Protein chains: 4
Amino acid sequence: MKSVRIGLIGTGYMGKAHSIAFHAAPAVFPLSARIELAMVAEVTPELAAEKALELGFQRSTGDWRVLVQDPDIDVVDICSPNYLHKEMALAAIAAGKHVYSEKPLALSSADALEMVQAAERAGVKTLVGFNYAKNPTVQLAREIIANGEIGEVVHFRGTHNEDYLADPNTPHSWRLTRELAGSGTLGDMGSHIINMAQYLLGEITELVADLQIVHQQRPLAQQPGQFAAVENDDQVHLLARFANGAMGTLESSRIACGRKNGLWFEVTGTKGSLIFDQERLSELQLFTYQGATNRQGFRTILVGPEHPDYAHFCVAGGHGLGYNDMKVVEVRDLIEGIAADRPMWPDFRAAYQVNRVLDAVELSHAEQRWVKLAEIGGA
Amino acid sequence: MKSVRIGLIGTGYMGKAHSIAFHAAPAVFPLSARIELAMVAEVTPELAAEKALELGFQRSTGDWRVLVQDPDIDVVDICSPNYLHKEMALAAIAAGKHVYSEKPLALSSADALEMVQAAERAGVKTLVGFNYAKNPTVQLAREIIANGEIGEVVHFRGTHNEDYLADPNTPHSWRLTRELAGSGTLGDMGSHIINMAQYLLGEITELVADLQIVHQQRPLAQQPGQFAAVENDDQVHLLARFANGAMGTLESSRIACGRKNGLWFEVTGTKGSLIFDQERLSELQLFTYQGATNRQGFRTILVGPEHPDYAHFCVAGGHGLGYNDMKVVEVRDLIEGIAADRPMWPDFRAAYQVNRVLDAVELSHAEQRWVKLAEIGGA
Amino acid sequence: MKSVRIGLIGTGYMGKAHSIAFHAAPAVFPLSARIELAMVAEVTPELAAEKALELGFQRSTGDWRVLVQDPDIDVVDICSPNYLHKEMALAAIAAGKHVYSEKPLALSSADALEMVQAAERAGVKTLVGFNYAKNPTVQLAREIIANGEIGEVVHFRGTHNEDYLADPNTPHSWRLTRELAGSGTLGDMGSHIINMAQYLLGEITELVADLQIVHQQRPLAQQPGQFAAVENDDQVHLLARFANGAMGTLESSRIACGRKNGLWFEVTGTKGSLIFDQERLSELQLFTYQGATNRQGFRTILVGPEHPDYAHFCVAGGHGLGYNDMKVVEVRDLIEGIAADRPMWPDFRAAYQVNRVLDAVELSHAEQRWVKLAEIGGA
Amino acid sequence: MKSVRIGLIGTGYMGKAHSIAFHAAPAVFPLSARIELAMVAEVTPELAAEKALELGFQRSTGDWRVLVQDPDIDVVDICSPNYLHKEMALAAIAAGKHVYSEKPLALSSADALEMVQAAERAGVKTLVGFNYAKNPTVQLAREIIANGEIGEVVHFRGTHNEDYLADPNTPHSWRLTRELAGSGTLGDMGSHIINMAQYLLGEITELVADLQIVHQQRPLAQQPGQFAAVENDDQVHLLARFANGAMGTLESSRIACGRKNGLWFEVTGTKGSLIFDQERLSELQLFTYQGATNRQGFRTILVGPEHPDYAHFCVAGGHGLGYNDMKVVEVRDLIEGIAADRPMWPDFRAAYQVNRVLDAVELSHAEQRWVKLAEIGGA
C-alpha cells in the first residue's frame, strides 16, 4: 500500500485540526493509501520541533521553503495566515506538490486565479478547507436538494456569525489589517457561507452588499493605552441572485453576541424547505407537504448510518458528529483524490469562485450598486 | 362609566379576531370605558345581520357608508380588503369618527399621507392593527433594548414568512392584483416586519431591495382551466440602514414552505442579542455577557407576570399567550386612547412610515439601486 | 335563543380565567345558548360587588349559599379553594344546579364519590376544570393515539412541574396544610398530569409512589420570625401500569427550579411517539416510521385549522393559542353540554378517577408498596 | 517516552470506536506515553488479521487467550459481548495486565465483585467504558453541581432510550437471551444512565422498579418463519432514593420509537436546574435565580474552551464535539492512569456499583417491592 506524505505548514488552530484528522482518518475510513506525517514547518526550528513531537510528525523545519522543496513530501498542507497562502501554494506547485490549503484561498480573486492557473498547468491536485460542506448532515441537505425533494430552489438565507470580536476591548491583530487578512468577517467566515451557498444552489450571478466596521479601533496588546485602526469589516450583508434564478440573503458577522459557530442556512424550494444550524451540526430540519395536511411539520433528522459517510464514524444513528469529524471527511477526500485519483472538491477553481464573490461584495459596497459576477475576472 | 361604541366593517379573518378581542378585553383589563358593539357592516344586509348575531353586535347594515354616518358610533373599525382602507377611513374621519384600521394602512405612501393629514386635521384618534408589537414578549424585547441591556444596537435581521401561497395551484385572488392589494407579500406580511423593525430600532433611512414573482400565474377558482397573471411579489428581501447607524436585513415570503407565522427577528447590540420567533410567541431569547464566561448562553425567558401586560391575562408565568391575546392588548390601547386620551401607537402617522418603506422597496427594485427614505414623501 | 345563567364562586386566579372565557367564548364558537353572567359570590359583599363589576357579572353576594339558592342561576361555577369544593357542590346539586368545578374535585376519593353519587342521583350536569385536555394540540395527540397512528401505546412519561415554591422563603399558605388542601403538588398539579394520562391512555390499574416534603417549614407572612410546618408533598413520583398494559412514570413538583408550566408528556407506541410540552402549547412532536428511513425524525406540528377546535380561534395555522383559550374550549363544552345536552368530560365521575389515583399514591407511599386501584373505593 | 501497548479483543461497534480514539488521542491531548496498537483478537485468525490492518494494529490472533498472555501487551481492551467480560478480564488480571472493559462490567453484581477483588488483589488498573460521563458537557454539569451552583440536589430524572428494537420484526440476537446478555435494556443502556446518576449525585440507596418485555418473541434471522422468545426487558422504570436524600426516576427503553441516543437527564437543586440531552451533546441547559426575576430563563451553554477538556479538541467555543470524542477523553484517562499513575474512574469498583443497582432492579421487579441496595452484595 502506498503512502501519501504530508508536509504541514502552520500549527495553530487549523494545523492542529488537520493533525487530529490525519491521525483519525485511517481508523475511520478505508483509505487507498497510508498517511505519512512527514514534516512540520513553523516560524522557528524550535517551535517546529516541538510541534512535530506534539502532533506526531516525523521531521520539522523552521523554513517552510525547505518543506516545500523536500523530495519526500507529496502534499503541502497550508495552515498559515491568509496572506501567505499564495506564495506558499505557488512554491509548492512549482515543486510539483499537491496542495491542501485553508480558506479563503487568497486575498483577491486575481491572486486566486493565478493560483488556479498554476495548479492546472502543473497538473497537481488541490483541495481547500471549506470543511463545513463535508459534514454528513450538509451532504444530506445537498442530496435532498439534488433529488428534487424540495422542488426547485427559490430562496436561500445563510449566515456565518460568531462573536469572537464582539468585545471592543479584544486587542488588535493581523486579522484586522487589509494587508495581512484582506477583508474582515467577509473573507474569514463569510467565505464559508458563500461556499455553502454555491455547494447547495450553484453560482451566484449578481449581488448587492453592505458592510460596516462597527468598532473603529482596538487596543494594541503589547502597547498599553495605544490603539490601532480596524481596517476591515465587522459585519457584512448581501442580497444575491443565483444562476438558477433563486434569490438569497447572506450575512456574516464577527461581533454577533452569543453566536459561537453560527453557520446557519435555510433553503426554500417550491415543495419544501431545509434548515441547518452548525451549532447543532448533527441535525437537519426538513419540511415537505407529504402526507396529510394535519400531520405536517418540520422534522428533525438526526444524522445516522443511512446518510453519507456517517456509518464510518458510528454504526448507530443519532450518536453525533463533532467539528473535527468534518476534517476527517476532508482528509479522506484528500487522500482518495491523490491515491485513487478521485475528483476533489472544492479545489482551487471552486475556491476561486468564492474569491470572486468576495471581490464583488467589496466592489458593490464601494460603488453602492448591484454588481454582476461577470464583472469580476473570468468564471 | 362611559361607552366606546364600535362600528365594524368587514367580518372575515380580522373582523372575527377584533370581535373576540372586544369581548375578552373588559374581562382581562380594567378599562376606562365600556365597549359597546354597536354595528356591523358587510357586503349584503343578510350577511351583515348573520355576522352581527354571530359576533355579538347590536345592529347591522349592508352599506358601510350607513355605518360611517351613524351618530351612535364612536370608532369605525376597518377590517376590509386593503384597497378600501383609504376611502372608508376618509369617510369616517369626515364624519368625525375615530378610526381603527387593519394594516397596511394604504396602497401607497401618498394615500397614507392623505389619510394622516385628514385625521390630524380632524383631530380624531387613529390606530393601525400591527398587532405583533402588542405581544408582551415583544414589549419586553423593546424594554431590554431601550434600557441599553444589549448595548447599542448594531444589527437587525427580521423575516415574516408564511406558506399560504406555496402551492402553485392555490387559486388566484384579489390579493394577487396590483389594483386591489398593491404589493404582494411586501405589503401583507412585510409591513409587519417593517413595523417591528421600526418599533425596536427606529426609522430606516436607506435601503436596497430585491423581489420576485415566483409563480407567474395561478388558476382561476371559478373558471376551470383558466389562469390569471400574478401581479405582485411572492418574496422580497432588503438591506437596510437605520437612523441609529445599525444595519439590517428584512425579508418576507408568502411561499416559504412550512412557515405558518414566521415573524422572526434577531437584534444584535454591542453587549448582547435578542431572538424572537412568533411561532413561539411566549418566549424571548436573550444573550448577555453577564456572569462567568463559562456560564453564558442564550436564555429562554418565558413571558410572565413580571413582564408588560401579561399579569392581566394570568397570574402565573409561562402559561402562554395566544394570537388573539395580542389583539386584546391592541383593543385595550384603543379604548384607553379614546376614553382616557392616552397616545396610541401605531397611529396613522406611524403606519405611514411603514408605507414609505414599502414604496422605497418598490422603487429600489424598479431602479435596481439604493434608495434613501428621504426620497419618499415627507417624514 | 335560551340562556345559561352562571353563578361564580371565587374570583381569584381561576375565577378570572373563567370570566375571560365566558366573555370570549360566544365570539369564538357558535353556541347553542347565550351565556348570562348572573352573579358572583365572594367572602364579603364589598369584594363581591367590586369583582362583579370588574368581571362583568350582573349581581353579587357575600354569601355563596345565597348564590347556590338563587332561582335565576343554572350553573354554579366553583373556583374556591379545594377544601370547599365538596360542600359547595353538594349544596348546588341539592338546589338542582349544574356544577362546573375547579380541580381537584375533592380532598379524598371518598368525598369525590359522594359528590359523584349526589350529582348522578340529581341528574345534574357536571364538569371539572382539567383544562389542559381541552387544548387543540392535546386533542390532536389523543386523535393520533385513537387512530392507531403510533400503534399500541406501551409507555407514558408525564410531568407537571412548576417552581412556585422553589424558594424556601416563600411564605406558608393554606395550600401547605392537609386540612385545607389535602395533598401538596400531588393534588394541585399532579392531578392534571394524572387526568392527562387517563385522557390519552385510559385507566391506571396499579402504581407505586414516592413523595417528599423537601422544605419542612416555611415562614409565616404575618408573623415575622415565625415558621409553620409544611404538611404535604413538594415532589411526588410514581410508576404506573395502565389497563391496556402500558407502563408509565408520572411526576409532579412545586419546587422544580425554572419550570413555569412544565406539564409535559411523551407517549410511545409500537409504531411511533408523541411529545408535548405545555410551555410550547401550540406544538406537538410526532415521530412515525413512515417514508424512507433516512428521512425520518420527530416533526413539529404547529396546531392549525385542520386540527380540533382551532379554526374557531383563527383561520390561519401556527398563529398560536394561549392559556386562556383552553378555558374557552372548556366553556364551550359546558354550554353545549347543558344547552344541547351533549356529554361533558371530565365530569365528576371522571374527576373521581383522578382522586382515586391520588389516594392510591398516598397509600403506596404510606405503606411503601405497590397498590392496585381496585383497593381504592369503587371504579 | 514510554509506550502503553494495547491488546484489543473484539472489533465490532465498540472495537472500532476504541480504535479511532487510540489513533486520535495523541494528536488531541499531550499524553504521558505513546500508544502502541499491539494486537487484535477476533474469532478467527483471518478476521483478526483483516481487522488489524483496517484498524491499524500491528499483530493479530484468532485466540483471545494468546493476546491475554502476550508479554508485549500492557492493557487488555475488552470489546466483546457482555457474557465474555468476566472470563477475559479474570484471565487478563491473572496475566498481570491492566484492563479496559466495555460496560456493563458483568452479568451480575456477584460476578462483578469477583472481578473487582481479582483486580484489586493483583494491583492492576481498570477502566470501564461509561463514555458518556467523559463528555466535557457532562463534566461541566458535574462541576456546576459540585460547586453548589444549583444548591442541594433534590431530584434527578434520567432516561437512556433508543429505538433499535422498536420494530417487532427486527430479528432475535444474543442480546435478547439471559445467558449471553443478562438483562435487556437495563444492562445495555440502563447501565449508562445509572452510572450517570451516580456520577452526578452519588450512590442510590433504595429503589423500586418495573420492567416489561413488550415484544415477547422475534423472528430468527437464519430460520425463516421461526421465532425465539425474548428473555429480557424491553423497557424498565425505577424510582430511586439517593444517599444525599434526593429522589429520582430512571428509565431505559430499547423500543422508544424515534430516540436514537436518548440519554437525557434533568437535575433539580434547591437553587437551580440542569438539563442535558445526549442527542445535543454539546449543549447544557442551566437555570438559576441569579439576576432580575424578569430576565431569568434556562440558558443554553455551548461547550467551549473554558470548560473541562474541550480546549484540546478546538480553541473555538461552540464548534461541537461528537460521539467518538468522548472515547478520546476516555483513552486519555486510560493512558494517564497507567503511565502517570492517575486514578481512573469508573474503575471496576465503580462499575460494580452499577451492577448492584441492576441486580436491585431485577430483585425489586421479581418481588414487587422496594429494595435497599444494602441487600445486594457489599458496597
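This is a predicted model, so every value here is computed, not measured.

A. Quick look at the sheet that holds strand β6 (residues 126-128) of chain D. Residues and elements named next belong to chain D. Strand order in the open sheet formed by six strands is β3-β2-β1-β4-β5-β6, and the pairing between neighbours is parallel. Each having just a single partner strand, β3 (59-61) and β6 make up the two edges of the open sheet. Across this sheet, the average inter-strand angle for adjacent strands is 20 degrees, counted without regard to direction. Where strand β4 (residues 75-78) meets strand β5 (residues 98-101), four bridges bridge the pair, whose relative direction is parallel. Counterpart to Val 76 in the pairing with β5 is Val 99.

B. Structural context of the pairing of strand β5 (residues 98-101) of chain C. Residues and elements named next belong to chain C. Where burial is concerned, the two faces of β5 agree: the one with His 98 and Tyr 100 and the one with Val 99 and Ser 101 are both buried. Inspection of the sheet shows β5 paired to strand β6 (residues 126-128) by three bridges, in the parallel sense. Its bridge partner lying in β6, Ser 101 is registered against Val 128. On the question of chirality, the crossover connecting β5 to the parallel β6 by way of helix α5 (residues 109-122) is right-handed.

C. Representation of unusual backbone geometry in the model. The step from A:Lys103 to A:Pro104 runs through a cis peptide bond, and the omega angle for that step is -10 degrees. Mapped onto the elements of the fold, A:Pro104 is located in the loop between β5 (98-101) and α5 (109-122). With an omega of -5 degrees, the peptide bond between B:Trp345 and B:Pro346 qualifies as cis. With respect to the helices and strands, the residue B:Pro346 is situated in the loop between α9 (323-339) and α10 (348-367). One non-glycine residue with positive phi stands out, namely C:Asp309, at about 70 degrees.

D. Geometry of the interface of chain C and chain D. With 46 residues of chain C at the contact, the number on the chain D side is 46 residues. There are six salt bridges connecting chain C and chain D. Residue C:Asp210 pairs with D:Arg241 through a salt bridge whose shortest N-O separation is 2.7 Å. At the surface where chain C touches chain D, the tally comes to 20 residue pairs in polar contact (both at pLDDT 80 or more). Among the elements of the structure, β7 (153-161), β8 (204-212), β11 (235-242), β12 (247-253), β13 (262-269) and β14 (272-277) of chain C are those that each provide at least two residues to the side of chain C that touches chain D. Of the residues forming the side of chain C that touches chain D, the biggest block, seven residues, is contributed by β11(C). The class makeup of the residues in the side of chain C that touches chain D is 19 nonpolar, 17 polar and ten charged.

E. Expanded view of the relation of the copies chain B and chain A. Taken as rigid bodies, chain B and chain A are interconverted by a rotation of 180 degrees and an axial shift of 0.0 Å, the fit giving an RMSD of 0.0 Å. Such a combination of turn and shift is consistent with a two-fold rotation axis. Among all C-alpha atoms of chain B, that of B:Arg369 lies closest to the rotation axis, at 3.0 Å. Here 100% of the contact residues of chain B are again contact residues in chain A; the copies associate through an equivalent surface.

F. Examining the relation of the copies chain C and chain D more closely. When chain C is fitted onto chain D, the two copies agree to an RMSD of 0.0 Å after a turn of 180 degrees and an axial shift of 0.0 Å. Take the interface residues of chain C: 100% of them recur as interface residues in chain D, which is what a same-surface contact looks like.

G. Region of the structure containing the environment of B:Arg142. Residues and elements named next belong to chain B. Secondary-structure assignment places Arg 142 in helix α6 (residues 136-146). Each C-alpha atom, one on Arg 142 and one on Leu 200, is 5.5 Å from the other, the two residues being 58 residues apart in sequence. What Arg 142 contacts, discounting residues up to four positions off in sequence, is Tyr 199 and Leu 200.

H. Representation of helix α8 (residues 185-201) of chain D within the structure. All names here are of chain D. For α8, built from 17 residues, the straight-helix expectation of 24 Å at 1.5 Å per residue is met to within 8% by its first-to-last C-alpha distance of 22 Å. Along α8, the helix axis deviates most sharply at Ser 191, where the bend reaches about 45 degrees. Most of α8 sits out of view: 17 of its 17 residues are buried. Just beyond α8, the residue with positive phi is Gly 202, at close to 100 degrees.

I. The UniProt feature "domain: GFO/IDH/MocA-like oxidoreductase" (unreviewed entry) in chain A, seen in detail. Residues annotated by UniProt as "domain: GFO/IDH/MocA-like oxidoreductase" (unreviewed entry) correspond here to residues 138-274 of chain A. The span residues 138-274 of chain A carries 22% helix and 36% strand; its end-to-end C-alpha distance comes to 10 Å.

J. View of helix α4 (residues 85-94) of chain A. Residues and elements named next belong to chain A. When α4 is considered as a whole, its buried residues turn out to be His 85, Met 88, Ala 89, Ala 91, Ala 92 and Ile 93. Where the residues of α4 are buried, they touch β1 (3-9), α3 (64-69), β4 (75-78), β5, α5 and α10 (348-367). At the exit of α4 stands Gly 96, carrying a positive phi of roughly 80 degrees.

K. Broad picture of the pattern of salt bridges. In the structure shown here, the tally under the stated rule is 117 salt bridges over all chains. Measuring nitrogen to oxygen at the nearest pair gives 2.9 Å for the salt bridge that ties B:Asp333 to B:Arg332. As a salt-bridge pair, C:Glu362 and C:Arg178 come within 3.0 Å of each other at their nearest N and O atoms. Of the two residues, C:Glu362 is situated in helix α10 (residues 348-367) and C:Arg178 in helix α7 (residues 178-181); the sequence distance between them amounts to 184 residues. Assessed through its relative accessible area of 36%, C:Arg178 is described here as partly exposed. What emerges from the salt-bridge pattern is a single network uniting A:Lys134, A:Asp309, A:Arg332 and A:Asp333.

L. Structural context of the packing of aromatic side chains. Within the structure shown, the criterion is met by 40 aromatic pairs over all chains. Here the aromatic rings of B:Phe29 and B:Phe313 are separated by 5.7 Å at their centres, their planes lie at 85 degrees, and the arrangement is edge-to-face. Taken together, the positions of B:Phe29 in the loop between α1 (13-28) and β2 (34-41) and B:Phe313 in the loop between β16 (298-302) and α9 put the pair 284 residues apart, joining distant regions of the chain. Of the two residues, B:Phe29 and B:Phe313, both sit in the buried class. Through a chain of ring-to-ring contacts, three or more aromatic side chains come together here, namely A:Phe156, A:Phe242, A:Phe265 and A:Phe276. One Lys or Arg, B:Arg332, reaches over the ring of B:Phe29 and ends 4.6 Å from the middle of that ring.

M. Just the interface of chain B and chain A, in detail. The interface of chain B with chain A comprises 46 residues on the first partner and 46 residues on the second. In total, chain B and chain A occlude about 3,500 Å² of area from one another, counting both sides; carbon and sulfur atoms represent 54% of this. Connecting chain B to chain A are six salt bridges. The partner of B:Glu266 in a salt bridge is A:Arg259, with the nearest N and O atoms 2.9 Å apart. For the side of chain B that touches chain A, the secondary-structure elements that each account for two or more residues are β7 (153-161), β8 (204-212), β11 (235-242), β12 (247-253), β13 (262-269) and β14 (272-277) of chain B. By residue number, the principal contributor to the side of chain B that touches chain A is β11(B), which donates seven residues.

Conventions and cut-offs
Along every chain, residues carry numbers that run from 1 in the direction the sequence is written. Chains carry letters and ligands carry numbers; both start at the beginning, A for chains and 1 for ligands, and go up in the order they are written. The predicted nature of this model means local features are confined to residues of pLDDT at least 70 and side-chain atom pairs, given and counted, to a pLDDT of 80 or more, with totals for whole chains, interfaces and linings taken over all residues. For the side-chain quantities, the full set of heavy atoms in the structure was used; hydrogens and water were omitted. Only when DSSP finds a minimum of two bridges between them are two strands counted as paired. Each helix is a run of DSSP H or I of at least 4 residues and each strand a run of E of at least 2, with the numbering of both proceeding from the N terminus. Helix axes are fitted to C-alpha atoms over the stretch in contact, other axes to C-alpha atoms as well, and angles between N-to-C directions run from 0 to 180 degrees. Summary of the burial criterion: residues with accessible area below 20% of their type's maximum are buried, those above 50% are exposed, and those between are partly exposed, where the area comes from a 1.4 Å probe applied to protein chains only. By the criterion used throughout, a crossover qualifies as right-handed when its path from the first strand across the helix to the second strand runs clockwise, the strands pointing away from the viewer. Contact criterion: two residues are considered in contact whenever any of their non-hydrogen atoms come within 4.5 Å of each other. The rule for a salt bridge is simple: a side-chain nitrogen of Lys or Arg has to be within 4 Å of a carboxyl oxygen of Asp or Glu. Contacts described as polar in this section are N or O atom pairs within 3.5 Å, which, within protein, must combine one atom able to donate a hydrogen with one able to accept it, while residues neighboring in sequence count only if both atoms come from side chains. Under the scheme applied, nonpolar residues are Ala, Val, Leu, Ile, Met, Phe, Trp, Tyr, Cys and Pro; charged residues are Asp, Glu, Lys and Arg; polar residues are all the others, including Gly. Overlaid copies result from least-squares superposition on C-alpha atoms, with residues included only where pLDDT is at least 70 in both. Every helix has an expected span of 1.5 Å times one less than the residues it contains. One axis is fitted to the seven residues ending at the residue and one to the seven starting there. The bend at that residue is the angle between these axes. UniProt positions are given in the numbering used here, feature names are shortened, and annotations may be inferred rather than shown by experiment. Pairing of aromatic side chains requires ring centres within 6.5 Å, counting the rings of Phe and Tyr and the six-membered ring of Trp. Pairs whose planes differ by under 30 degrees are stacked, by over 60 edge-to-face, and all others tilted. Look at NZ for Lys and CZ for Arg. If either is within 6 Å of the ring centre and within 35 degrees of the ring normal, a charge sits over the ring. Buried area is understood as the total, over both parts, of accessible area removed when two parts are fitted together, assessed with a 1.4 Å probe.

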